[in-house]
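Chains, contacts and geometry: an overview
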Amino acid sequence: MMNERYHFTMKTTRDGLLDTINRVNALLEPRQLPNRAVYVVNLVFEEILTNIIKYGFDDDAVHDIEVRLEADSEQMLIEFEDDGREFDPLSSSPPLPDESLLAGEPGGRGLLLVTKMANSVKYRRENEKNILTVGVRLREI
Amino acid sequence: MDLKVVDVKPGLTHIALEGKLDVEGEEQIGRQFEQLTSGASKPTVVDMSEVTYLASLGIRLLFTCAKSLATEGKKMVVVNAQPMVEETLRTSGTAGLIPIARDMEEAYGLLGVK
């Protein structure tokens with residue numbers, strides 16, 4: 001996978017999500033990457049794709065999401081492109097620290113995890129599409 | 001993902017999770033976890049020593065059940081979380097609400113049970 005690029009198109013369905021995560025893990029597995037890198041890549045895919053599928057569209061139709069991977073020995077860049085309504089994850093307010101369980105809300109933690117545990121997150125809007133690029137360091141420095 | 005009931009006492013529920021608490025994992029054990037934790041309404045220990053992955057759906061499950069217990073004055077404690085799972089709990093702010101214990105003795109202390 002190193003110094004290589006992958007591009008695939010997935011459907012905005014549960015099976016599309018699970019199939020994509022399985023494909024990515026099949027790419028990662030032979031590389032013997034540190035546990036943290038594999039964990040964070042999985043987290044990025046699950047949280048970003050779940051968010052797009054659940055909240056990205058105003059209709060109930062099945063849409064396509066383009067996923068592009070680019071990796072060298074140090075880093076993986078993951079690009080997600082969808083035609084949902086404009087949404088910049090970096091502009092959304094992270095949930096405030098909860099003072100108590102009773103006052104807290106269970107949701108809204110996925111994007112927080114991605115922005116804090118990935119090494120870079122960039123958003124742009126092009127041609128009516130959301131394009132989110134997430135960088136994950138594959139090796140400890 | 002597997003869920004195992006380790007011990008059920010009059011004053012304590014002790015369960016253990018094993019595997020990845022991802023989309024599929026939550027689907028597999030979510031309902032049973034709810035029944036055993038918030039449904040039983042007792043102080044609860046969740047052993048996560050064999051949980052290798054935790055994402056926001058799993059956090060939502062833990063949070064929802066712990067919140068339900070809290071409405072009845074009961075606590076939930078996570079015990080033996082692996083390093084990346086513990087980092088996920090801390091980064092998401094969950095660890096401030098559902099304490100992480102190193103062992104059962106510490107868990108009992110946090111729950112106020114013997």
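If you're wondering where the values come from, they're calculated on a predicted model, not measured in any experiment.

Another aspect to go through is the interface of chain A and chain B. With 30 residues of chain A at the contact, the number on the chain B side is 29 residues. When chain A packs against chain B, the two sides together hide about 2,500 Å² of surface, and 62% of this comes from carbon and sulfur. At the junction of chain A with chain B, the criterion picks out two salt bridges. In this structure, the salt-bridge partner of R14(A) is E27(B), at a minimum N-O distance of 2.7 Å. Taken together, chain A and chain B are joined by ten residue pairs in polar contact (both at pLDDT 80 or more).

So, on to the packing of helix α1 (residues 14–28) of chain A against helix α1 (residues 23–36) of chain B. Packing of α1(A) against α1(B) leaves a shortest axis separation of 10 Å and a crossing angle of 120°. When the axes of α1(A) and α1(B) are compared, the pair comes out oblique. The residues of α1(B) that touch α1(A), namely those facing R14(A), L17(A) and L18(A), are V23(B), E24(B) and E27(B). Tallied by class, the residues present in the contact of α1(A) with α1(B) amount to three nonpolar, no polar and three charged.

So, about helix α2 (residues 35–55) of chain A. Taking 1.5 Å per residue as the helical rise, α2(A) with its 21 residues ought to reach 30 Å, and the 30 Å between its terminal C-alpha atoms agrees with that figure. The element α2(A) is extensively covered by neighbouring structure, given that 15 of its 21 residues are classed as buried.

Take the sheet that holds strand β1 (residues 2–9) of chain B next. Residue and element names in this part refer to chain B. Strand order in this open sheet of five strands is β1-β2-β3-β4-β5, and the pairing throughout is mixed. Taken across any chain shown, the strands that pair with only one partner, and hence form the sheet edges, are β1 and β5 (100–101). Judged from the two bridges that link them, strand β4 (residues 76–79) and β5 form a sheet pairing that is parallel. The residue of β5 that forms the bridge with V78 is I100. Against the sheet, α1 makes contact with β1, β2 (12–21), β3 (44–54) and β4, and its axis sits at roughly 175° relative to β2, the strand it touches most.

Sheet strands associate in pairs through backbone hydrogen bonding, adopting either a parallel or an antiparallel arrangement. Residue and element names in this part refer to chain A. A sheet is described by the order of its strands in space; here five strands give the open sequence β1-β2-β3-β5-β4, paired in antiparallel fashion. Each of the sheet's edge strands pairs with one partner strand only, and the pair in question is β1 (4–11) and β4 (120–126). Across the sheet, the mean angle from the axis of one strand to that of its neighbour is 15°, orientation sign disregarded. Across eight bridges, β1 lies against strand β2 (residues 64–71) in antiparallel orientation. Across the sheet, residue H7 finds its bridge partner in β2, namely R68. Of the strands in this sheet, β1, β2 and β3 (75–82) are in contact with α1, which crosses β1 at around 165°.

Here is what the cut-offs are and how they apply
- Residues numbered from 1 in each chain as written.
- Chains lettered and ligands numbered in written order.
- Predicted model: local features only at pLDDT ≥ 70, side-chain atom pairs only at ≥ 80, totals over all residues.
- Heavy atoms only, no water.
- Contact = heavy atoms within 4.5 Å.
- Buried area = accessible area lost by both parts, 1.4 Å probe.
- Salt bridge = Lys/Arg side-chain N within 4 Å of Asp/Glu carboxyl O.
- Polar contact = N/O pair within 3.5 Å; in protein donor to acceptor, adjacent residues only side chain to side chain.
- Axes fitted to C-alpha atoms, helices over the stretch in contact; angles between N-to-C directions.
- Helix = DSSP H or I, 4+ residues; strand = E, 2+ residues; numbered from the N terminus.
- Parallel < 35°, antiparallel > 145°, perpendicular 65-115°, else oblique.
- Nonpolar A, V, L, I, M, F, W, Y, C, P; charged D, E, K, R; others polar.
- Expected span 1.5 Å × (residues − 1).
- Buried < 20%, exposed > 50% of the residue type's maximum accessible area, 1.4 Å probe, protein only.
- Pairing = 2+ DSSP bridges.

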